Amino acid sequence: MHERIAMVGWGLVLCVVSAGCSSTVKSQGTSNDAATSSSSGGGTASGGSTASGGSAGDGGSTASGGSAGDGGAAATTTSATSTDGASGGSGGAGGSVDGGGAAGPGSGGTAATTDAGGSGGVAGSAAGGAGGAGGSNPDPTCADIVCDNLGTCVEGASGPSCSCQPGYTGDVCQTDIDDCASEPCMNDGDCVDRTNGYECECPRGYSGDRCELAVTDCSDAPCLNGAACEDVDDTYECECTPGFTGDNCGSNIDECDGVECENGGACVDQIADFECECHPGYTGTYCETDIDDCASDPCENGGSCEDEVNAFECDCVDDWGGETCTVKLFESVGMLAGHTRSFARAVSGSGLVVAAVSSDSDFYNSRAFRWLDGVLTELMANDYTYPRGINYAGNHIAGEFRDGDQVRPIDWYFGASSYGSNSLLTVLNETGPAYAMFPNTNGSILAGNCPTQNNEYPRACVWLNADDEYNGVRLTPPESYEESYITGMSEDGSVMVGYTYEPHTGFRWTQADGWVTLPLPALHDEGSARAITDDGMQIFGLSESDLVRWVDDEPTTIAPSVSFSLAAVSADGSVLVGQSQSEAAIWDAAHGVRSLSSVLASLGVNLSGWVLTSANDVSADGKVIVGDGTHAGTSNGWIARLP
C-alpha cells in the first residue's frame, strides 16, 4: 500500500487540518541547517522539515510535536536543533495534547518542550532509518502512483503518468468518458453510456445501432426466391418471380405437370421451364424426333446407310465390310511381275504385313515378297527365296534362300526404309537344307529346322544369339527320335513347341528346361504340338482326331473327333486356323470348326471363282487370316479380314 500524495513542484507536503494551518516548506532541503517550524491558532507545530533529499536516513525523520486541543493559545516557538539537521517540534498552547506525538530527534536531537497551557508531547523515538547527511527531497516514481480502472503507470521523461484503458481519462484514469455526449442516437432514441461505447434504446418503429432504420413489415425480407416485397398497411405482399408461388414465393411451380415426353423420355422440372431427357437417338422438346444417324454419310466405298435408333447400318458392296465399309474383307495378295502363282505364308501379329511368295511354273524360281497396303516388295534377288514366318511388328521375316547348291536359313530385316539387310543363319556341321520359321519380337531369336549331320532327317533348330552370327543349335530329344519339327514360338522367343515323327509326340522346349515331351490324353497313342499363344502359356495341337490344349503341360480335349489340321493360333488362344477336309477352316469355342468360305459368305463376301484350300496364319487379335487357294484355277495367296 502506498499513501496517495499531491504533487506540488517537486516538494512534498503532509498536512492535517483541524483549525487551519500554515507551513513553510523548503522546496529543496538544506544541509546541516536547523529547520524552524511555527504554529498559530492552536495548531500542532510540525516537528521540522526533512533535511535535504527528503528520505529518512541517518539524521532522523520528521516527528510531530503533538496536536493542540481546541482553543489553545499559540505555542511559543522552541527550536530543537540537531547536529544532522532535524529540528524538534514545539508543544501546543492552551489545550490538551491529543495523542502527544513524540518528537523524533535525529542523532543528537532534543525533545520538544511544552509551552504554557498545554501539556508537552512525550519524547518520541526516532522513526525510520538514519537520514543521509545533507540529503535532498526524492523524485516520485510509478511506485508512488496507483492508476484506477486498470490503467497502467508509465515512466516518462517528465515523470510518471497513467495510461488509461479505452473509455477512461484523468490523471489516474478516474473518470469514465461520456460516450453519449455527442448525442449519437437518432429518432429520439435514448443513449445509454457504456465503457468505451454507447447503446441506443430505440423507440417503436426504429432499429439499428443509432435507431436510424425505420422498421416495416418488409424489414425481415420475408419474400423468397428473389421476390420483391411491398409494405402494405400492417402487412406485406410478395411479387413472385416466374416459376414460384405461395404467400412468400417459397413454392416451385411444377412445370412438368401435364407434360408427356415421347419415346420413353423423362420430364425434368426446372425454374419456370421443363426439359425432356430423351433416350439416345431421339431429340426435340418432347423427344419426338428420331435423330438421323446417317446424316453424316458414314458408309464408305459405295456402301449404303440405313438409319436405326441411335445407330446405323452400312450395306457394303464389293467385298468391303466393317462398320463403315472400310475393311476389305477379302483380297488376293497378288504376285510379282512375270509370275503366275502366289502363296500367303504368314501375317504379322499386327495384321498389317504379309509374308508371301510367288513363282512361275518352276518352283525354284520362287521369290519372297512383303505385302503392305497392296504394295509388293521383293525381299531378295536370288533365284530361290522362300518366307516362312514373321514377327509381330512385321519387320523381321524368316525363311530360306538358295546359296549356290545349298539352301540356307535367313532373316530378312526391314529397317527404316526398306528390306535392305539380312542375316545369313549358320548351322554347325551343315550338310543339308535348313530354314528359319519364327523370329521373336526383336529378331534376336529364331526357330526353324536344319538337317542332321548325315543329312537324312530334318531336326528342330534354334538360333539364340543374333550377335553371334546366329549359330544354330539342334534340339536333341531325350530319345532317339529321327525327325523333329518346330511349329511355334512364343512372342519373346522363350518357349518353342513342335512335334516328332515316328513316333508322333508333341514337345515343349525352353533354355531352362530343355526338351519336355507333352503327355497325351488318356487312351491316346500319338499327338503333336502345332501352335502356342504369344505369352507361351497355352499350347495347341492334335491327339489323334481330337483338338487338344496343354496348360502347364496338362492336356485337355477342346474339340473331339474333328477333321482339323491346326496351323496357327491368335495371341490369347481364342481363334485357331488351319485346314479341314481340304478347305481353309477356323475354330472358336462358340462355333467349333467352320469352313472359312462359309464365314466370309455370311458377311456378304463374293467368292466367285475362289477355292480357299488352307489357312496358314492369323493375327494376334484373330481378325486377319492369310492362306492359300486358287482363283480361276490358278494358285493365289489371299487375305481375309473378319469384322
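Relevant structure appears above.
Just so we're clear, the structure is a prediction, and the values are computed from it rather than from any experiment.

Enquirer: Would you mind showing me how to read the overall build of the chain here?
Expert: The helix and strand inventory of the chain stands at 1 helix and 48 strands. Looking at the chain as a whole, 40% of its 643 residues are labelled buried. Taking all contacts inside the chain whose residues are at least 6 apart in sequence as the whole, residues at least 24 apart take part in 39%. A total of about 32,400 Å² of accessible surface is found on the chain, and carbon and sulfur atoms cover 47% of it.

Enquirer: Got a minute to help me understand the pattern of salt bridges in this structure?
Expert: Oppositely charged side chains are able to pair whenever their charged atoms sit close together. Overall, the coordinates contain 8 salt bridges when judged by the stated rule. R388 is paired through a salt bridge with E400; the nearest N and O atoms lie 2.5 Å apart. Of the two residues, R388 sits in strand β26 (residues 385-390) while E400 sits in strand β27 (residues 396-403), which places them 12 residues apart along the sequence. A relative accessible area of 26% places R388 in the partly exposed class.

Enquirer: Got a minute to help me understand the pairing of strand β17 (residues 304-308) in this structure?
Expert: Residues in a regular strand point their side chains to alternate faces of the sheet. Inspection of the sheet shows β17 paired to strand β18 (residues 311-315) by 5 bridges, in the antiparallel sense. Counterpart to C305 in the pairing with β18 is C314. In sequence, β17 turns back onto β18 through a hairpin of 2 residues, with N310 there showing a positive phi of about 55°.

Enquirer: What is the right way to read the sheet that holds strand β31 (residues 446-451) from this model?
Expert: Paired through backbone hydrogen bonds, the strands of a sheet run either parallel or antiparallel to each other. A sheet is described by the order of its strands in space; here 4 strands give the open sequence β30-β31-β32-β33, paired in antiparallel fashion. In the strand order of this sheet, the two ends are held by β30 (435-439) and β33 (472-474), each with one partner. With strand direction ignored, the average angle separating the axes of adjacent strands in the sheet is 30°. In this sheet, β33 lies alongside strand β32 (residues 458-463) in antiparallel orientation, the contact comprising 3 bridges. By the bridge assignment, C461 is partnered in β33 with R474.

Enquirer: Can you walk me through the side chain of S597 in this structure?
Expert: In this fold, S597 is placed in helix α1 (residues 596-602). Accessibility expressed as a relative area gives 19% for S597, which makes it buried. Sequence-distant contacts of S597, that is, excluding residues within four places in its chain, are made with E583, L607 and L612.

Enquirer: I tried to follow the environment of C287 on my own but got confused; where do I start?
Expert: Within the secondary structure layout, C287 lies in the loop between β15 (282-283) and β16 (289-290). Residue C287 is classed as buried on the basis of its relative accessible area, which comes to 1%. With 26 residues separating them in the primary sequence, C287 and C261 have C-alpha atoms 6.1 Å apart. Residue contacts for C287: discarding those within four places in its chain leaves E262, N263, G265, C276, E277, C278 and Y282.

Enquirer: I would appreciate a short explanation of the environment of G351 in the present structure.
Expert: Mapping G351 onto the fold places it in the loop between β22 (341-347) and β23 (353-359). Judged by its relative accessible area of 10%, G351 is buried. For the pair G351 and G394, spaced 43 residues apart in the sequence, the C-alpha separation amounts to 8.7 Å. The residues touching G351, leaving out its near neighbours within four places in the chain, are S619 and V624.

Enquirer: Help me understand the sheet that holds strand β24 (residues 367-372), please; the structure alone is not making it clear to me.
Expert: Here 4 strands make up an open sheet; going across it, the order is β22-β23-β24-β25 and the pairing antiparallel. Because the sheet does not close on itself, it has two edges, and the strands there are β22 and β25 (375-378). On average, adjacent strands in this sheet sit at an angle of 30° to one another, irrespective of strand direction. One ladder, built from 6 bridges, connects β23 with β24; its direction is antiparallel. In the sheet register, V357 faces β24, and the bridge partner there is A368.

Enquirer: For this particular structure, what's the right way to read the packing of aromatic side chains?
Expert: Any pair of aromatic rings gets described here by the distance separating the centres and the angle formed by the planes. Applying the stated rule across the entire model yields 6 aromatic pairs. Seen from their ring centres, F274 and Y286 are 5.8 Å apart, and the 40° between their planes marks the pair as tilted. Residue F274 is located in strand β14 (residues 273-277), and its partner Y286 is located in the loop between β15 and β16; the two are separated by 12 residues in the primary sequence. We classify F274 as buried; its relative accessible area is 19%. Note on Y286: relative accessible area 35%, which makes it partly exposed. Considering the side-chain rings of Y384 and Y386, the 6.3 Å spacing of their centres and the 15° angle between planes classify their relative orientation as stacked. On the basis of relative accessibility, which here comes to 9%, the residue Y386 falls in the buried class. Here a set of aromatic residues connected by ring pairs shows up, and it is made of F330, W610 and W638.

Enquirer: Help me understand the state of the cysteines in this model?
Expert: Joining two cysteines, a disulfide is a covalent bond between their sulfur atoms. Applying the stated criterion to the full structure yields 16 disulfides. Put simply, C218 and C229 are joined by a disulfide, and their sulfur atoms are 2.1 Å apart. Looking down the S-S bond of the C218 and C229 bridge, the torsion is -80°, so its handedness is left-handed. Here the residue C218 occupies a position in the loop between β8 (213-214) and β9 (228-232), and C229 occupies one in strand β9, the gap between them amounting to 11 residues. C218 sits in the buried class, given a relative accessible area of 17%.

Enquirer: Explain unusual backbone geometry to me, please; I cannot follow it from the model alone.
Expert: Working note: non-glycine residues mostly have negative phi, and peptide bonds are mostly trans. Residue D373 is not a glycine yet carries a positive backbone phi of 55°. For D373, the location among the structural elements is in the loop between β24 and β25. Here the phi dihedral of Q581 falls at roughly 55°; this positive angle occurs in a residue that is not glycine. Position of Q581 among the secondary structure elements: in the loop between β43 (576-580) and β44 (583-588). With relative accessibility at 64%, the residue Q581 sits in the exposed group.

Enquirer: Looking at this structure, I do not really get the nonpolar core. What am I missing?
Expert: Membership of the largest hydrophobic core comes to 20 residues, with the highest contact counts inside it found for F330, L596, L600, L612, I625 and W638. Counting only elements with at least two residues in this core, the list comes to β44, α1, β46 (610-618) and β48 (634-641). In terms of residue count, β46 provides more of this core than any other element does, 4 residues in total. Look past the residues within four positions of L600 in its chain and what remains in contact with it is L329, F330, V605, L607, L612, A640 and L642. By size, the runner-up hydrophobic cluster in this structure holds 17 residues, among which are Y481, Y485, F507 and W509.

Enquirer: What's the story with a negative patch on the surface in this structure? I'm lost.
Expert: A cluster of acidic residues, E230, D231, D233, D234, E237 and E239, forms a negative patch on the protein surface. Contributions of two or more residues to the negative patch are made by β9 and β10 (235-239). Along the chain, the position of D231 falls in strand β9. The class of D231 is partly exposed, set by a relative accessible area of 37%.

What counts and what doesn't
Residues numbered from 1 in each chain as written. Predicted model: local features only at pLDDT ≥ 70, side-chain atom pairs only at ≥ 80, totals over all residues. Heavy atoms only, no water. Helix = DSSP H or I, 4+ residues; strand = E, 2+ residues; numbered from the N terminus. Buried < 20%, exposed > 50% of the residue type's maximum accessible area, 1.4 Å probe, protein only. Contact = heavy atoms within 4.5 Å. Areas by Shrake-Rupley, 256 points an atom, 1.4 Å probe, with all protein chains shown as cover. Salt bridge = Lys/Arg side-chain N within 4 Å of Asp/Glu carboxyl O. Pairing = 2+ DSSP bridges. Axes fitted to C-alpha atoms, helices over the stretch in contact; angles between N-to-C directions. Phe/Tyr/Trp six-rings, centres within 6.5 Å; stacked < 30°, edge-to-face > 60°. Disulfide = S-S within 2.5 Å. Core = buried A, V, L, I, M, F, W, Y, C linked by side-chain atoms within 4.5 Å. Patch = residues over 30% accessible without salt bridge, like charges linked within 9 Å, V, L, I, M, F, W, Y side chains within 5 Å. Lys, Arg positive; Asp, Glu negative; His and termini not counted. Charge placed at Lys NZ, Arg CZ, Asp CG, Glu CD.

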